[in-house]
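The chain contents come next:
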Amino acid sequence: MSTTYSCDDEEQRSAGLASAQQAIAHKQCVVLPTDTVYGIAADAFSPQAVATLLAAKGRGRNMPPPVLIPRVVTLDGLAVDVSADARKLAEAFWPGGLTLIFHAQPSLTWDLGDTRGTVALRVPDDQVALDLLAMTGPLAVSSANRSGQAAALTADEAEEQLAESVEVYLDGGPRPLAGSGDGKPSTIVDATSDTLRVVREGAITIEQLREVVPGVEPIDSEPPASV
């Protein structure tokens, strides 16, 4: 049976984080707030847990989830060939509403789906999410909704869609946080080549990206939803 914890209450927040950490360790899914929308999370290094996450959303392996990390420096343990321009974007917008796609470290033993050797990384600007990430390590996280439905902006909306497929719901109040994109998911930038290309514009506009890296190219197709 799922349990919801109000993270506005310090005692429930502590209990909720501990319960979520335990659920992640047991390859179960949890829902957590991020700065943009609510996300459904699982252990990024457990193929079983990632498969459970995809099943909860009604998604296939062709739509792999991105990975949330607790700090910028973590990206070097998960990605290779990180360009200077990509690092500039990470340093400028992390924590925040930017997801960067990199070539994954080939030595990593994980299975996020049909990634073709890439990984999408983000540092969320939300203290509950960051505290959980500090306890669990990298988490595979996608927007907390059934595939094709609107991303959840509250824990209740997430529970309406995901129900008992999630073990723990961490309720951090309505999303997005102030200045985090008006409920839009993160902007996704492909950083796997010398030219950085936007593949989904969301919480951060291309104009904001170009203030840091003028050569960022615009969107050319619409990818699956993430957080």
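Let me begin by describing the structure that accompanies this report. (Residues numbered from 1 in each chain as written. Predicted model: local features only at pLDDT ≥ 70, side-chain atom pairs only at ≥ 80, totals over all residues. Heavy atoms only, no water.)

## Observations regarding the overall build of the chain
When its secondary structure is counted, the chain shows 7 helices and 11 strands. The C-alpha atoms of the chain give 16 Å as radius of gyration, which agrees with the globular expectation for 227 residues (17 Å, within 12%). A principal-axis box enclosing the C-alpha atoms of the chain has dimensions of 50 × 35 × 30 Å. Relative to its 227 residues, the chain shows a buried fraction of 51%. (Helix = DSSP H or I, 4+ residues; strand = E, 2+ residues; numbered from the N terminus. Rg over C-alpha atoms; globule rule 2.2 N^0.38 Å. Buried < 20%, exposed > 50% of the residue type's maximum accessible area, 1.4 Å probe, protein only.)

## As for unusual backbone geometry
The step from Trp94 to Pro95 runs through a cis peptide bond, and the omega angle for that step is -5 degrees. Within the fold, Pro95 resides in the loop between helix H4 (84-93) and strand S6 (98-104). Residue Pro176 is reached from Arg175 by a cis peptide bond, and omega for that bond is 0 degrees.

## With respect to helix H6 (residues 155-162)
Those residues of H6 that sit buried are Ala155, Ala158 and Leu162. Taken down its axis, H6 places every buried residue within 60 degrees of arc, on the same side. Among the exposed residues of H6, those pointing more than 90 degrees away from its buried face are Asp156 and Glu160. The elements touched by buried residues of H6 are strand S2 (30-33), strand S3 (38-43), helix H2 (47-57) and strand S9 (168-171). Ala163, located one to two residues past H6, shows a positive phi value of around 50 degrees. (Arc of directions from axis to C-beta. Contact = heavy atoms within 4.5 Å.)

## Notes on the packing of aromatic side chains
In this structure the tally under the stated criterion is 1 aromatic pair. Between Phe45 and Trp110, the aromatic rings sit 5.2 Å apart at their centres with planes inclined by 20 degrees, giving stacked as the arrangement. Highlighted residues: Phe45 in the loop between S3 and H2 and Trp110 in the loop between S6 and strand S7 (118-122), separated in sequence by 65 residues. By relative accessible area, Phe45 is classed as partly exposed at 31%. (Phe/Tyr/Trp six-rings, centres within 6.5 Å; stacked < 30°, edge-to-face > 60°.)

## A closer look at the pairing of strand S11 (residues 197-200)
As judged from the 3 bridges shared by strand S10 (residues 187-190) and S11, these two strands associate in the antiparallel manner. The residue bridging Val189 from the neighbouring strand is Val198, located in S11. Between S10 and S11, which pair antiparallel one after the other, the connecting turn spans 6 residues. (Pairing = 2+ DSSP bridges.)

## Some details on the pattern of salt bridges
Under the defined criterion, the tally for this structure stands at 8 salt bridges. Note that Arg61 is salt-bridged to Asp111, the shortest N-O span being 3.1 Å. Of this pair, Arg61 sits in the loop between H2 and strand S4 (67-68) while Asp111 is found in the loop between S6 and S7, placing the two residues 50 residues apart along the sequence. The class for Asp111 is partly exposed, based on a relative accessible area of 27%. Connected through salt bridges with shared partners, the residues Arg61, Asp111 and Asp114 form a single ionic network. (Salt bridge = Lys/Arg side-chain N within 4 Å of Asp/Glu carboxyl O.)

## Some details on the nonpolar core
Grouped together as the largest cluster of nonpolar side chains are 69 residues, with contacts concentrated most on Leu89, Trp94, Leu121 and Leu170. With near-sequence residues (within four places) excluded, Trp94 lies in contact with Ile69, Val72, Leu75, Leu89, Leu100, Phe102, Leu121, Arg122 and Val123. (Core = buried A, V, L, I, M, F, W, Y, C linked by side-chain atoms within 4.5 Å.)

## Structural notes on the packing of helix H1 (residues 10-25) against helix H5 (residues 127-136)
Between H1 and H5, whose axes approach to 10 Å, the crossing angle comes to 45 degrees. Comparing the axis directions of H1 and H5 gives the class oblique. Considering only the axes of H1 and H5, their crossing is right-handed. Here Arg13, Leu17, Ala18, Ala20, Gln21 and Ile24 of H1 come into contact with H5, specifically with Gln127, Val128, Asp131, Leu132, Met135 and Thr136. (Axes fitted to C-alpha atoms, helices over the stretch in contact; angles between N-to-C directions. Parallel < 35°, antiparallel > 145°, perpendicular 65-115°, else oblique. Left-handed = near helix turned anticlockwise from the far one by under 90°.)

## Re H2
Taken residue by residue, H2 has Ala49, Val50, Leu53, Leu54, Ala56 and Lys57 as its buried positions. What you see down the axis of H2 is that its buried residues fit within an arc of 160 degrees, all on one side. Here the buried face of H2 lies against S3, strand S8 (139-143) and H6. The first or second residue beyond H2 is Gly58, which carries a positive phi of 75 degrees.

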